[in-house]
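Here's the letter readout for the chains.
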Amino acid sequence: MSQQTIDFTLNGVPTRVSVPVQMSALEMIRNVAGLTGTKYGCGEGECGACTILLDGVSLNSCLLFAVECDGRQVTTVEGLADDPLGRRIEKAFVDAGAVQCGFCTPGMVVQARQLLERTPHPSREEIQRGIEGNLCRCTGYVKIIDAIEAASKE
Amino acid sequence: MTALDNYVAPTSLEQAVVQLQELGEVTILAGGTDLMPQSHAGRVKFKRTLMNIRRIPELRGIAREDDEIRIGALTTISEMMAHPLVREHLPLLVSAGDHFASDQIRNAGTVGGNICNASPAGDTLVPLMVLGAHVELASKPDDTLFRRSMPLPEFFVGPGKTRLAPAELLTAVRIPIPPKGFVARFHKFGTRPALDISAISIGVAGVLKDGKFTQVRVAFGAVAPTPVCGCATEEALEGRKLDAATIAAAAKAAQDEVHPISDVRASAWYRKEMIHNMTKRILEDVSANH
């Protein structure tokens, strides 16, 4: 099996790893880099639990080949702890009670970060459209949408 | 399980087509949004070499060239939707993109990838067909770069099958800038708006002038092994006023000319009904709003 060495920035930290060519970025982030905040839900881009930012743009890391991270900036939910907008969203999720089982939360937070960067003051409908690639099976979404709306108003 | 043992990431088109010619057995990676799940599910087998074409600048960008808009194969659906030239001249692609999967997938999936996947339900294919798009292909069989192009409908052979030669790369799609009075609609019908593979889709385009509908193009998705032209429907519309009788005749022609299959997403009967009803609805909308 062909291994490939890649260099990229992971949450601001220069990182070098060697990965099999067909490995997904999600597997690399969790099992090689050891950051388990990014979740494996469906593995086919339906649920959004694995959402990360690649050069600031949100993607499903389960659909991304790890080798494509070479030379680029990867931000996971852990990286948002150092980011003012990310922190604001995280606090809003806590305050609104938008977390139940918590499995979708990292993906929701990262996608909300993408949404609020592009649309700082979204309508509720824009928030719904923005997170349509993220499934939550507990909350019914209302509190998640409340949280994102609250974060946009701070 | 896989014979994949080589990875290349060419940084120019020249380099890519030379490598394609030399390496022979190559799986091409663009956005990866289909390749990854399809390969995990065993529906696509990796060939010996995985070629990541994302580092090739010639495959990027959207530009106006004479009376055409050229959309580079690596343009993501999000980039396409946000581009001023597309928003100004090809708003149909913006509305079609809006129904494409989810934000995360629009940020990764590429126009060229959607075309090369050749899914009968590919969300950009029907809109591109009614816009009169051509695909631009490149290869290097000998010392010179060989380019050819063909109308999009000719490119599709069957589900996942195209006329792309083994050592050829799809470099761009070219779309003529629509004339004055041009109207276009795309309708995708599935069980939910986001992340759904359509049960059917319909594209209608043409020029509406003095009440008459001309230069009509109709295409259907998910009713045949490839996206298909609605030639009989076009004929029922061409040069006519969009009155109730014409619309009824066109909807009937549409229903009669599609031969869908029954599968997990819809039965053949239901698909034909939907083609009829949605064609009618689209034409009524065009008629009422212009």
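None of these values were measured; they are calculated from a predicted model.

Asker: What is the right way to look at the overall build of chain B in this model?
Answerer: On a plain count of helices and strands, chain B comes out with 12 helices and 15 strands. Expected size for 290 residues packed as a compact globule is a radius of gyration near 19 Å; at 19 Å, chain B falls within 12% of this value. Its C-alpha atoms put chain B at 60 × 45 × 35 Å along the principal axes. Counting over 290 residues, chain B shows a buried share of 50%. For chain B, restricting intrachain contacts to residue pairs at least 6 apart in sequence, the fraction spanning at least 24 positions comes to 63%.

Asker: Help me understand the pairing of strand 11 (residues 182-189) of chain B, please; the structure alone is not making it clear to me.
Answerer: Successive residues of a regular strand alternate their side chains across the two faces of the sheet. All names here are of chain B. Burial of strand 11 is extensive: 6 of the 8 residues sit out of reach of the surface. With 8 bridges joining them, strand 11 and strand 12 (residues 200-209) adopt antiparallel strand pairing. Bridging from a neighbouring strand, Arg185 pairs with Val204 of strand 12.

Asker: Help me understand the interface of chain A and chain B in this model?
Answerer: The extent of an interface is frequently quoted as the accessible surface area lost upon association of the parts. Across the boundary between the two partners, chain A contributes 26 residues, which contact 24 residues of chain B. Among the elements that make up the side of chain A that touches chain B, the one with the highest residue count is strand 4 (residues 57-60) of chain A (4 residues).

Asker: What's the story with helix 11 (residues 244-257) of chain B in this structure? I'm lost.
Answerer: The α-helix advances 3.6 residues per turn, and as a result positions three or four apart in sequence lie on the same side. Residues and elements named next belong to chain B. Under the 1.5 Å per step criterion, the end-to-end length of helix 11 is 20 Å for 14 residues, consistent within 8% with the ideal 20 Å. If you check which residues of helix 11 are buried, you get Ile247, Ala250, Ala251, Ala253, Ala254 and Glu257. For helix 11, the buried positions fall inside an angular range of 160° around the axis, keeping them on one side. Facing away from the buried side of helix 11, by more than 90 degrees, are the exposed residues Ala244 and Ala245. The elements touched by buried residues of helix 11 are helix 10 (231-237) and helix 12 (268-288).

Asker: When you look at the environment of Glu22 of chain B in this model, what are you seeing that I'm missing?
Answerer: Residues and elements named next belong to chain B. Mapping Glu22 onto the fold places it in helix 1 (residues 13-23). Residue Glu22 is classed as exposed on the basis of its C-beta count, with 11 C-beta atoms lying within 10 Å. A sequence separation of 96 residues divides Glu22 from Ala118, and the C-alpha atoms of the two residues are 25 Å apart.

Asker: How should I be thinking about the packing of helix 2 (residues 84-96) of chain A against helix 5 (residues 142-153) of chain A in this particular structure?
Answerer: When two helices pack together, their arrangement is given by the angle between the helix axes and the distance between those axes. Residue and element names in this part refer to chain A. In the contact formed by helix 2 and helix 5, the axes pass within 8 Å of each other and the chain directions differ by 135°. Between helix 2 and helix 5, the angle falls in the class oblique. Crossing of helix 2 against helix 5: the hand is right-handed. The segment helix 2 lies against helix 5, with Arg88, Ile89, Ala92, Phe93, Asp95 and Ala96 engaging Lys143, Asp146, Ala147, Ala150 and Ala151. Its residues placed into classes, the contact of helix 2 with helix 5 shows 7 nonpolar, no polar and 4 charged.

Asker: Please explain the sheet that holds strand 3 (residues 51-54) of chain A as it appears in this structure.
Answerer: Whether parallel or antiparallel, the strands of a sheet pair through hydrogen bonds between backbone atoms. Residues and elements named next belong to chain A. In spatial order, the strands read 2-1-5-3-4; together these 5 strands make up an open sheet with mixed pairing. At either margin of the open sheet sits one strand with a lone partner, and together these are strand 2 (13-20) and strand 4. Adjacent strand axes in the sheet meet at a mean angle of 40°, parallel and antiparallel pairs treated alike. Bridge analysis of strand 1 (residues 3-10) against strand 2 gives 8 bridges, and the strand direction is antiparallel. Bridge assignment links Leu10 to a residue of strand 2, and that residue is Val13. Of the strands in this sheet, strand 3 and strand 4 touch helix 3 (residues 105-118), which is tilted by about 40° from strand 3.

What counts, and where the lines are drawn
Residues numbered from 1 in each chain as written. Chains lettered and ligands numbered in written order. Predicted model: local features only at pLDDT ≥ 70, side-chain atom pairs only at ≥ 80, totals over all residues. Helix = DSSP H or I, 4+ residues; strand = E, 2+ residues; numbered from the N terminus. Rg over C-alpha atoms; globule rule 2.2 N^0.38 Å. Buried ≥ 20, exposed ≤ 12 C-beta atoms within 10 Å, placed from the backbone. Contact = placed C-beta atoms within 7 Å. Pairing = 2+ DSSP bridges. Expected span 1.5 Å × (residues − 1). Arc of directions from axis to C-beta. Axes fitted to C-alpha atoms, helices over the stretch in contact; angles between N-to-C directions. Parallel < 35°, antiparallel > 145°, perpendicular 65-115°, else oblique. Left-handed = near helix turned anticlockwise from the far one by under 90°. Nonpolar A, V, L, I, M, F, W, Y, C, P; charged D, E, K, R; others polar.

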